[in-house]
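For reference, the chains in residue letters:
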Amino acid sequence: MSCSVGDGTAGRRTAEMVAPEERSGGGRRSGCPRSVKSWWRLAVLLLSVSSLPAVSALVEGLYCGKEVCYDVLGVTREASKSEIARAYRQLARRYHPDRFRPGEPGSEGETLESAHTKFLLIATAYETLKDEDTRRDYNYMLDHPEEYYQHYYAYYRRRLAPKVDVRVVVLVTICAISIFQYYSWHSSYNEVINYLMTVPKYRIQATEIAKQQGLLNRSKEKGKNRRSKEEIREQEEEVIRDIIKNKIDIKGGYQKPNLSDILLCQIVLFPYYLTNYVVWYVSWVYRFTICREEYGDKEKLYIIRRHMKLSQSQFDRLEENTKQTFLDKQLWVKENFEVYRKEQEEEMKVKMATDTRMKQYRRWMKNEGPGRLTFIDD
């Protein structure tokens, strides 16, 4: 059937003949325009499909490229690690550049360059199949060739990932933090000792103790054993320093460094500390909740510290007479502690109200304001 179009008159006649049929809905339409449109769509679809890359499990640049790693080593997919290693060693002895000899049996037609290329392929196949994770990714690629981009991601993720074990990195980091923590702690402790050596109170006490122990008696030295005044002074400073270290109990953030308190030891001893805490908690519940025993001084001070929301180091820095005052006022009882707390707050308000500096500040704020600084004497 011809689809050519004549002059305008024929076109109008055709339109007039077709129009009634289209309006009635029962006639037959012209098939030529629809056929052209269908063939055009089919052609575009075929062209699009033909332009798509063929889905293949073997991608250039991934693993062994277009070769199958199992075929390169001459093993099956069910081969064990020992079989893969044995096949690799046999092929490596044959194609290694240092051992390859052209013309040997089994290597006919091979050159040194081709043997080197084949050896690299053999090494790549072995590196792919010897590791369980990489071998699993490779088998997945063979079984699911359509997941093109997923294979690229899995391949380069393993290639670019650090080879160091994460556990080693964590251990090294903890050790570095622990070393820094210890030396920082040690430096702070030495700074406190150096400061206490300049405080007359502690220096005089340490000097008296050193004299009582006979550590500062300057005996007359003659001949070669005679020391200079600088050497004698340095020795005396060391003696005073050692006495201050041994006699003064420094607590809190400036206390003497202890290896058991650094991060590494804390992590290692964590099961021990956890066990002790569980045992202590069970014993506490059993003794004071179930058996209704009376609290001792140690237990009372623990409850008082919890009421005050102080850490152990902060509570240890308090004077012994202060702790005894807490015991005398029975502050381990919640009601007594609330009364004590309110009393302390009232005393602080009275102190601030009667303090000369605070009175001057309030008068200045009332009379002068913050725009001008004026000192007022009572």
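Residues numbered from 1 in each chain as written. Predicted model: local features only at pLDDT ≥ 70, side-chain atom pairs only at ≥ 80, totals over all residues. Heavy atoms only, no water.

**Observations concerning helix H8 (residues 166-198)**
For the record, the criterion: Numbering goes from the N terminus for both helices and strands, where a helix is a DSSP run of H or I of at least four residues and a strand is a run of E of at least two. The span one expects for a helix is its residue count, reduced by one, times 1.5 Å. The cut-offs for exposure are 20% and 50% of the maximum accessible area for each residue type, with area from a 1.4 Å probe on protein chains only; residues under the lower value are buried, those over the upper are exposed, and the others partly exposed. Whether two residues touch is decided by their heavy atoms; if any such pair falls within 4.5 Å, the residues are in contact.
Taking 1.5 Å of rise per residue, 33 residues should cover 48 Å, and H8 covers 49 Å from first to last C-alpha, within 8% of that figure. Of the residues making up H8, those classed as buried are Ile 174, Ser 178, Trp 185, Tyr 189, Asn 190, Val 192, Ile 193, Leu 196 and Met 197. Those residues of H8 that are buried lie in contact with helix H9 (200-212), helix H10 (229-247) and helix H11 (263-268).

**Things to note about the packing of helix H12 (residues 270-290) against helix H13 (residues 297-308)**
Any two packed helices are characterised by how steeply their axes cross, that is the angle between the axes, and by the distance between the axes. Which entries qualify depends on this criterion: As a rule, the C-alpha atoms of each element are fitted with a line to give its axis, helices using only the stretch in contact, and angles between N-to-C directions run from 0 to 180 degrees. Note on terminology: angles under 35 degrees are roughly parallel, angles over 145 are roughly antiparallel, angles of 65 to 115 are roughly perpendicular, and the others are oblique. Gly counts as polar in this scheme, as do all residues outside two lists: the nonpolar Ala, Val, Leu, Ile, Met, Phe, Trp, Tyr, Cys and Pro, and the charged Asp, Glu, Lys and Arg.
In the contact formed by H12 and H13, the axes pass within 14 Å of each other and the chain directions differ by 110°. Here H12 is positioned roughly perpendicular relative to H13, judged by the angle of their axes. Residue-level contacts link Trp 280, Trp 284, Arg 287 and Phe 288 of H12 to Glu 299, Tyr 302 and Ile 303 of H13. When grouped by side-chain class, the residues that make up the contact of H12 with H13 number five nonpolar, no polar and two charged.

**A few points about the packing of aromatic side chains**
The following threshold applies: Geometry of aromatic contacts follows a simple scheme: Phe, Tyr and Trp rings, the Trp one being its six-membered ring, pair when their centres are within 6.5 Å, and the pair is stacked under 30 degrees between planes, edge-to-face over 60, tilted otherwise.
One pass over the structure, following the stated rule, counts 17 aromatic pairs. With a centroid separation of 5.2 Å and an interplanar angle of 70°, the aromatic rings of Tyr 63 and Tyr 138 are classed as edge-to-face. Of this pair, Tyr 63 sits in the loop between helix H2 (32-51) and helix H3 (69-73) while Tyr 138 sits in helix H6 (residues 132-143); the two residues are 75 residues apart in sequence, bridging distant segments of the chain. For the ring pair Trp 284 and Tyr 302, a centre distance of 5.5 Å and an interplane angle of 65° mean the geometry is edge-to-face. Of this pair, Trp 284 sits in helix H12 while Tyr 302 sits in helix H13, and the two are 18 residues apart along the sequence. On the accessibility criterion, Tyr 302 (24% relative accessible area) is partly exposed.

**Here's the deal with the side chain of Thr 207**
Residue position: Thr 207 is located in helix H9. Under the relative-accessibility criterion, Thr 207 is labelled buried at 18%. Among residues more than four places away in sequence, those in contact with Thr 207 are Leu 216 and Ile 240.

**Considering the state of the cysteines**
So the rule is basically this: Here, the term disulfide refers to a pair of cysteine sulfur atoms separated by no more than 2.5 Å.
The full count for this structure, using the stated rule, is one disulfide. Note on cysteine connectivity: Cys 64 is disulfide-linked to Cys 69, with sulfurs 2.2 Å apart. Because the sign of the S-S torsion sets the handedness, a value of about 115° for the bond joining Cys 64 and Cys 69 places this disulfide among the right-handed ones. Given a relative accessible area of 6%, Cys 64 falls into the buried group. You can call Cys 69 buried: its relative accessible area is 0%.

**Side note on the pattern of salt bridges**
The test is simple: By convention in these notes, a salt bridge is any Lys or Arg side-chain nitrogen within 4 Å of a carboxyl oxygen on Asp or Glu.
Here the structure, examined in full by the defined rule, presents nine salt bridges. Between Glu 127 and Lys 130 there is a salt bridge whose closest N-O contact spans 3.4 Å. Here Glu 127 pairs with Lys 130, and both are found in helix H5 (residues 112-130), just three residues apart, close to one helical turn. In this structure Lys 130 comes out as partly exposed when scored by relative accessible area, which is 34%.

**Quick word on a nonpolar patch on the surface**
What counts is decided by this rule: The patch calculation keeps residues exceeding 30% relative accessible area without a salt bridge and links them within 9 Å when they carry like charges or within 5 Å when they are nonpolar (Val, Leu, Ile, Met, Phe, Trp, Tyr). Where accessible areas are quoted, they stem from the Shrake-Rupley method and a 1.4 Å probe; at the residue level, only the protein chains shown are allowed to cover.
Residues Phe 270, Leu 274, Tyr 277, Val 278, Trp 280, Tyr 281 and Val 282 make up a contiguous nonpolar surface patch of roughly 710 Å² in combined accessible area. By the element assignment, Val 282 lies in helix H12.

**Quick look at the side chain of Arg 305**
Short version of the rule: Pairs of N or O atoms are called polar contacts if they sit within 3.5 Å, as long as, within protein, a hydrogen donor faces a hydrogen acceptor (for residues adjacent in sequence, only side-chain-to-side-chain pairs).
Position of Arg 305 relative to the elements: it lies in helix H13. Polar side-chain contacts of Arg 305 include one of 3.3 Å to the side chain of Gln 312. In contact with Arg 305, other than residues within four places in its own chain, are Leu 310, Ser 311, Gln 312 and Phe 315.

**Observations concerning the confidence of the model for the protein chain**
Selection rule: Every residue carries a pLDDT, the predictor's confidence in it, which falls somewhere between 0 and 100.
Mean pLDDT over the protein chain works out to 76, with 70% of the residues at or above the 70 mark. Summarising per-element confidence for the protein chain, the mean pLDDT is lowest in helix H1 (residues 8-24) (41) and highest in H12 (93). Confidence over residues 47-55 falls short of pLDDT 50; this stretch has two contacts with residues more than four positions distant or in other chains. Low pLDDT (under 50) marks residues 369-378, which in the prediction has 12 contacts with non-local residues, meaning those over four places away or in another chain.

**Here's the deal with H12**
An α-helical turn contains 3.6 residues, so any two residues separated by three or four positions project in the same direction. Spanning 21 residues, H12 covers 29 Å between terminal C-alpha atoms, matching the ideal 30 Å at 1.5 Å per step. Note on H12: the residue one or two positions beyond its end, Arg 292, has a positive phi of about 60°.

**Focus: the environment of Trp 332**
Along the chain, Trp 332 falls in the loop between helix H15 (320-328) and helix H16 (334-354). According to the relative accessible area criterion, Trp 332 is buried, its value standing at 16%. The spatial distance from the C-alpha of Trp 332 to the C-alpha of Leu 301 is 7.2 Å, given a sequence separation of 31 residues. With near-sequence residues (within four places) excluded, Trp 332 lies in contact with Tyr 295, Lys 300, Ile 303, Ile 304, His 307 and Leu 327.

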